[in-house]
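# Coordinate inspection notes
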Amino acid sequence: MSIVSSKPTITRKELESVLDCLISERLEPGEAVKNLEIEIANLTGVRHALAVNSLTSAYHLAFLAFDIRPGDEVIIPSYFDPAALSALRQAGGTPVLVDLAEGSLFPSPEGVKGGISARTRAVVAAHTFGFHAPMSELRETGVPLIEDASHAIGSECEERPAGQSGAISVISFAPSMVITTGNGGMVLTDNSRYYSAMRELRGGPSTERLGFDYTMTDFQAAMGLSQLSRLPDFIRRRREISRAYHEAIKTTPHRAPYAFGESFVYQSFPVLFDAPAEKIEKYWKKSGIEVLRPFPVALHTHLSLRALDYPNSDRLSKKLYALPIYPTLTRKEIEKITRALGRFV
């Protein structure tokens, strides 16, 4: 049987939590949603948290809270999850894509500053794959930040909890994330005005004006609470597995973008293979291990922009693969992956 690239860690505890909600017929947003919002706010040290049904919804609410209008610009990395781009289109704003710095998973602060204009309303910054973006340098631009902490929840970046550095922050709870609610997300802010606007626009049983149907169900939140209680264990296990992969890759011509670090979450374990795509995919398929490109289509491709203007993002979209990494990988499975990694030369 092949080893899949990603798998959520679902146990009896999650099943019992969801079943309790279903038995009591609590499906609409209720106590579990409120409790998840409180727990995520406490974890990140942010005053306000709103649970939503997807990462795209979280971004859309963030853009609307910033009052993004046609002609307003938002800076987004070109090598990035498409949720931000999709939400910005809904809000009517204009994306300004920035290439990654060479040898990095993030745009340089200088590259971001070069994209800022009089029409810039926000900068999106993400801790891609659980590594940390240079948040303090990005804050120095003076442009409000939207921090995407999806891949780094539960970690600290520059002595702050991930999710605390943005004027608004977003988190995804999709199945491949560090914790999951099946699907869903969270949007966070210390700004009471932003919070009030997003709460009304999210919709739900308590709103008094028209909004969107962006609410999370109570049984999803119940799953999220169960997952959150084991977040430290999930992160510890991901770090253990990543350490084994780092040891295995030392003897190969391939490389990971960053050296092993105890502060990283390792939502994914990215590898740049020194081989053609056809050879890579054939080898790992034959080995019975699913290895995928995390972002196979860079955002500049979606916008039909020239790849030559985004060389680093374009290269990673084609060359960067992710090894399976999740807490339920067994010792034998990890050994199988490390052996295959060491032999792939």
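Right, let's walk through the structure included here. Small disclaimer: the values here were computed from a predicted structure and weren't measured.

## Describing helix α7 (residues 192–202)
Listing the buried residues of α7 in full gives Y194, Y195, M198, L201 and R202. The buried residues of α7 occupy one face: seen down the axis, they fall within an arc of 140°. The inward-facing, buried residues of α7 abut α2 (31–44), β1 (48–52), α3 (55–65), β8 (168–172) and β9 (185–189). Where α7 starts, the residue carrying a side-chain oxygen 2.9 Å from the main-chain nitrogen of R193 turns out to be N191. Two residues or fewer past α7, G203 is found with a positive phi of approximately 90°.

## A few points about the sheet that holds strand β4 (residues 120–126)
One open sheet accounts for seven strands, arranged β1-β9-β8-β5-β4-β2-β3; its pairing is mixed. Strands with a single pairing partner mark the edges of an open sheet, and in this sheet they are β1 and β3 (94–98). Neighbour to neighbour, the strand axes of the sheet diverge by 20° on average, direction disregarded. Packed onto the sheet, helix α4 (residues 83–91) meets β2 (73–77) and β3 and runs at close to 165° relative to β2. Along the sheet face, α7 touches β1, β8 and β9 and points at about 20° away from the line of β1.

## A short note on empty space enclosed by the protein
A probe matching the size of a water molecule, rolled over the atoms, marks out where space remains unfilled. Applying the stated rule across the entire model yields three cavities of 30 Å³ or more. In this structure, the largest cavity occupies an estimated 120 Å³ of space. Surrounding the largest cavity, 17 residues form its lining, P77, P107, V124, A125 and A126 being those nearest its centre. When contributions to the lining of the largest cavity are tallied by element, the ones reaching two or more residues are β2 and β4. Per element, the largest residue contribution to the lining of the largest cavity is four residues, and it comes from β4. Across the lining of the largest cavity, the residue classes tally to 16 nonpolar, one polar and no charged. In this structure, the second largest cavity spans a volume of roughly 100 Å³. Lining the second largest cavity, in full, are L55, F80, D81, A126, H127, T128, D148, S150, H151, S172, M177 and F295. Of the residues in the lining of the second largest cavity, the class split is five nonpolar, five polar and two charged.

Cut-offs used in this document
- Residues numbered from 1 in each chain as written.
- Predicted model: local features only at pLDDT ≥ 70, side-chain atom pairs only at ≥ 80, totals over all residues.
- Heavy atoms only, no water.
- Buried < 20%, exposed > 50% of the residue type's maximum accessible area, 1.4 Å probe, protein only.
- Helix = DSSP H or I, 4+ residues; strand = E, 2+ residues; numbered from the N terminus.
- Arc of directions from axis to C-beta.
- Contact = heavy atoms within 4.5 Å.
- Polar contact = N/O pair within 3.5 Å; in protein donor to acceptor, adjacent residues only side chain to side chain.
- Pairing = 2+ DSSP bridges.
- Axes fitted to C-alpha atoms, helices over the stretch in contact; angles between N-to-C directions.
- 1 Å grid on protein atoms, 1.4 Å probe; cavity = no way out; pocket = protein on both sides within 12 Å on 5 of 7 lines; lining within 4 Å.
- Points joined across faces, edges and corners; volume = space filled by probe spheres on them.
- Nonpolar A, V, L, I, M, F, W, Y, C, P; charged D, E, K, R; others polar.

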